[in-house]
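# Chain and residue survey
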Amino acid sequence: MKNIQMVDLKSQYEKIKVAVDKGIQEVIDSTAFIKGGKVVEFQQELENYLNVKHVIPVGNGTDALQIALMALDLQPGDELIAPAFTFIATAEVVALLGLTPVLVDVDYHTHNISIDALKKAITPKTKAIVPVHLFGLNVDMEDLLAVAKEYNLYVIEDACQSIGAVYTFSDGRQVQSGCMGDVGCTSFFPSKNLGCYGDGGAIFTNNDDLAKKMRSIANHGMETRYHHDRIGVNSRLDSIQAAVLQVKLNFLNEYIAARQAVAAYYDTAFSNTDKLITPGRTASSTHVFHQYTLKLQNVDREKLQAYLKEKGIPSMVYYPIPLHVQKAYRSSKYKIGDFPVAEALSATVLSLPMHTELSSEQLEYITRHVLAFVENKKA
Ligand SMILES: *Cc1c(COP(=O)(O)O)cnc(C)c1O
């Protein structure tokens, strides 16, 4: 049996090596390393895949979020609502821009922002909501968009973990993750569901004006060469990364299916124990399983992790500390106890190996050992 990894990029690469190597070599031969034809090609291919008007390739997912927020022309003190349980980047860019992140609690079942909590957090200063489709499951966007409409708020989706997750509205419309709000942001960090071989990211929008503005912001605020109309940043996807992504986009649906098959295996294996709560699903969204995250019930997480490690099974805690408890974000505004669900999740979640290359032998081995520990039986 191959060594078990959280993410096995090497085995995945071996299967697409010929095409990836060819694409990278073409970039080197052309020396069009920046803004090469492959970046434009990939942009168009991703627009087609997502059925969205504009894809703007950028340097990484964090930049994507920052550029999206910069395009909204917000003022210092404007409030943006984000979930308390997520990766730090979401709230980080809000704070970096001198805006005020307002954190709200999440739903225990889906790990995603709670729409009820969100409604209660709206004030006259609220300008935008930044929902995160955590672990690959879309937020209940129909409800969220209704709240945004009622209060006239921008919606900037953090789709860094959810590319390819499809949301079905009650009128039957099916929309890709990141393409439902005003702007969507994604990351091509190597371990993401569509990952490149370095840093990369993209912004999605159907809004022509915002697209133009965000393209300009990503390029030093330039509209025409050396005419800088606004303060921007330098953030671009390079051609070698675009070449890798062009190949991998062709396999994205297969990769999602492989992840879903792993999740189904785990679900079945863990269905008969009350020590493990398997990840929640919703009727309105597919789940693309960036992570497969269990909630432990009366199980010592550290001891379980140590046991698994001894057996050669990696596991990770995403995320061990909710944002309002992070040192950098602690303020007089928040205290421990404010977001009980986020806190409970941080204390009990455990993510198991999840990638496109897990074999049934590996899955059998992982689930057998997890169950042996939590049920206190011999493996
Ligand atoms: C990965 C990630 C980001 C940041 O993406 P980078 O490309 O690493 O900058 C932001 N938000 C979420 C939820 C992520 O998972």
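Here the structure is shown first, and the text comes after it.
I will try to describe carefully the structure that is included in this document.

Cut-off values and rules
Residues numbered from 1 in each chain as written. Predicted model: local features only at pLDDT ≥ 70, side-chain atom pairs only at ≥ 80, totals over all residues. Heavy atoms only, no water. Near = heavy atom within 4 Å. Polar contact = N/O pair within 3.5 Å; in protein donor to acceptor, adjacent residues only side chain to side chain. Areas by Shrake-Rupley, 256 points an atom, 1.4 Å probe, with all protein chains shown as cover. 1 Å grid on protein atoms, 1.4 Å probe; cavity = no way out; pocket = protein on both sides within 12 Å on 5 of 7 lines; lining within 4 Å. Sits in = over half its atoms within 2 Å of the grid points. Axes fitted to C-alpha atoms, helices over the stretch in contact; angles between N-to-C directions. Helix = DSSP H or I, 4+ residues; strand = E, 2+ residues; numbered from the N terminus. Left-handed = near helix turned anticlockwise from the far one by under 90°. Contact = heavy atoms within 4.5 Å. Nonpolar A, V, L, I, M, F, W, Y, C, P; charged D, E, K, R; others polar. Parallel < 35°, antiparallel > 145°, perpendicular 65-115°, else oblique. Points joined across faces, edges and corners; volume = space filled by probe spheres on them. Domains from an automatic or database assignment. Expected span 1.5 Å × (residues − 1). Buried < 20%, exposed > 50% of the residue type's maximum accessible area, 1.4 Å probe, protein only.

Neighbouring the ligand are the residues Asn-60, Gly-61, Thr-62, Phe-87, Ala-89, Val-132, Asp-158, Cys-160, Gln-161, Ser-187 and Lys-192. A distance of 3.4 Å is found between an oxygen atom of the ligand and a side-chain nitrogen or oxygen belonging to Asn-60. Gln-161 places a polar side-chain atom, nitrogen or oxygen, 2.8 Å from an oxygen atom of the ligand. Here the ligand has 390 Å² of accessible area as a free molecule, and 92% of this is covered by the chains. The cavity where the ligand resides is the largest pocket.

With that out of the way, let us pick up the packing of helix H9 (residues 252-269) against helix H12 (residues 360-374). One can describe the packing of H9 onto H12 by two numbers: an axis separation of 10 Å at closest approach and a directional angle of 35 degrees. You can see that H9 and H12 cross each other, and the crossing is right-handed. Contact with H9, carried on its side by Val-262, Tyr-265, Tyr-266 and Ala-269, involves Ser-360, Leu-363, Glu-364, Ile-366, Thr-367 and Leu-371 of H12 and no other residues of that element. In terms of residue class, the contact of H9 with H12 is built from seven nonpolar, two polar and one charged.

Moving on, we get to the packing of helix H1 (residues 9-30) against helix H8 (residues 239-249). Two measures define how a pair of helices packs: the angle their axes make with one another and the distance between the axes. As a packed pair, H1 and H8 sit with axes 9 Å apart at the nearest point and diverge in direction by 140 degrees. As the angle between them shows, H1 and H8 are arranged oblique. Between H1 and H8 lies a crossing of right-handed hand. Facing H1, whose interface residues are Gln-12, Ile-16, Ala-19, Val-20, Gly-23, Ile-24 and Val-27, H8 presents Ser-239, Ile-240, Ala-243, Val-244, Val-247 and Lys-248. Classifying every residue of the contact of H1 with H8 by side-chain character gives nine nonpolar, three polar and one charged.

Counted according to the given criterion, the structure contains two cavities of 30 Å³ or more. Reported here for the largest cavity is a volume of approximately 60 Å³. Lining the largest cavity, in full, are Val-7, Leu-9, Gln-12, Pro-190, Ser-191, Lys-192, Asn-193, Lys-248, Arg-259, His-355 and Thr-356. Looking at the lining of the largest cavity, its residues break down into three nonpolar, five polar and three charged. When residues are assigned to domains, the lining of the largest cavity turns out to be shared by domain 1 (9-105 + 112-249) and domain 2 (252-374), each giving three or more. Each pocket or cavity is described by its volume, and for the second largest cavity that value is around 40 Å³. For the second largest cavity, the full set of lining residues is Thr-110, His-111, Leu-134, Phe-135, Leu-137, Pro-279, Gly-280, His-287, Gln-291 and Thr-293. Of the residues contributing to the lining of the second largest cavity, the split by class is four nonpolar, six polar and no charged.

To continue, consider H12. In this model, H12 (15 residues) spans 21 Å end to end at C-alpha, consistent with the 21 Å of a helix rising 1.5 Å per residue. Among all positions in H12, only Gln-362, Leu-363, Tyr-365, Ile-366, Thr-367, His-369, Val-370, Ala-372 and Val-374 are buried. Of the surrounding secondary structure, the elements contacted by the buried residues of H12 are H9, strand E12 (276-277), helix H10 (301-310) and strand E14 (349-352). Looking at the residues trailing H12, positive phi occurs at Asn-376, about 55 degrees.

We now examine the layout of surface pockets. In this structure, the largest pocket encloses a volume near 490 Å³. Of all the secondary-structure elements, those providing two or more residues to the lining of the largest pocket are helix H3 (61-70) and helix H4 (89-96). If you tally residues by element for the lining of the largest pocket, the top one is H3, at three residues. Considering only enclosed or pocket space, the second largest pocket measures out at about 360 Å³ in volume. Along the wall of the second largest pocket there are 19 residues; nearest its centre are Lys-35, Ile-56, Pro-57, Arg-215 and Asn-219.

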